[in-house]
Amino acid sequence: MNMPHAASIEIKSVKNLNGGNHNQKPPRKFLLMGMALISLALGLGFGAKQIYHRLCQCDFFQITAVKIDGNRMTSKEQIAALSRVDIHSNLLAIDVVQVQSLLESHPWIARAEVIRDWPNRLLIQVQEKNPVALLNRETGLFYLDIQGQIIAAAGPGQDLDFPVITGLENFSLNTSESAQIPGPLQDIIDLLQLANRNNPLLPQQNISEIHVVEQGELVLHLLDRPFPIFLGTDGKISTRYYRLVKVLRDLYKTREFSEVSYIRLDYQKDTILVGKNEAMTKSNAVRKGA
């Protein structure tokens, strides 16, 4: 008689436990607390946005000075105008990434860094591209970088103290960075890199002009010597450069520069011809193994 009663009690207990896990609703106070927290977060976000908006219009952050460093080929006025920042701008409201992008769109500027100097100064640091020569074209002179790419046209008042490349006025040049540059122009770039090591006998500063003839041969003209130097086309440009250095060393030692009318590195294999002015001497110097 007692066993069915005990079983009914056990079943009822299990039912109560299962029903308590699935059907119990959260207290009302937790719902109210959740809604209050959400409202507070939204309010804080809206308030922060309003505060930021007001600070972007505050005179306390109005720019009073813009400092520009690193420019040589570009003027401070050009950089300031390109940045679209002036003394009426708000330092907090400036988009630094956008200003840097605007500056790097200039053909001369390789990289730009824009720094906020709180509370009211802006610092602009630019790194310009490095020209190594001037390329003479039908439309004027253009600066060339060490990759053989055109940087920009030479303007009034800019530095023109660079070797001038002539003979490519009508040559089609692809200005794309990925394009392969013509063989003669590549030889010129390699030659300038060698001369840039500042060998005292043939530094880059002493190269006045490099002319490309129709066959692709390079003719070198120095600042302090009026005669042409025919570099030929055989062999690597580095080999020809160091052969010329040896000839120049001999001419310096013997003090024969005043008699020289030309130098030909392509006279014969392993033979260099040094032409002499007929008014001073009737002979030509042939140098072998240079």
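Above this text you will find the structure in question.
Residues numbered from 1 in each chain as written. Predicted model: local features only at pLDDT ≥ 70, side-chain atom pairs only at ≥ 80, totals over all residues. Heavy atoms only, no water.

A. View of the pattern of salt bridges. In the structure shown here, the tally under the stated rule is eight salt bridges. Put simply, Glu 256 and Lys 276 hold a salt bridge, and the shortest N to O gap is 3.4 Å. Here Glu 256 is found in the loop between α6 (237-254) and β11 (260-268), whereas its partner Lys 276 is found in strand β12 (residues 271-276), with 20 residues between them in sequence. Both residues of the pair, Glu 256 and Lys 276, count as buried. Taken together, the salt bridges that share partners define one network made up of Glu 256, Glu 259 and Lys 276. (Salt bridge = Lys/Arg side-chain N within 4 Å of Asp/Glu carboxyl O. Helix = DSSP H or I, 4+ residues; strand = E, 2+ residues; numbered from the N terminus. Buried < 20%, exposed > 50% of the residue type's maximum accessible area, 1.4 Å probe, protein only.)

B. Inspection of the side chain of Ser 83 at higher detail. Mapped onto the fold, Ser 83 is located in helix α3 (residues 76-83). On the basis of relative accessible area, Ser 83 is assigned to the buried category, the value being 2%. At a separation of 2.8 Å, a polar atom in the side chain of Ser 83 contacts the main-chain carbonyl oxygen of Ala 80. (Polar contact = N/O pair within 3.5 Å; in protein donor to acceptor, adjacent residues only side chain to side chain.)

C. A look at the environment of Asp 86. The topology assignment puts Asp 86 in the loop between α3 and α4 (96-104). Sequence separation between Asp 86 and Val 66 is 20 residues; the distance between their C-alpha atoms is 7.5 Å.

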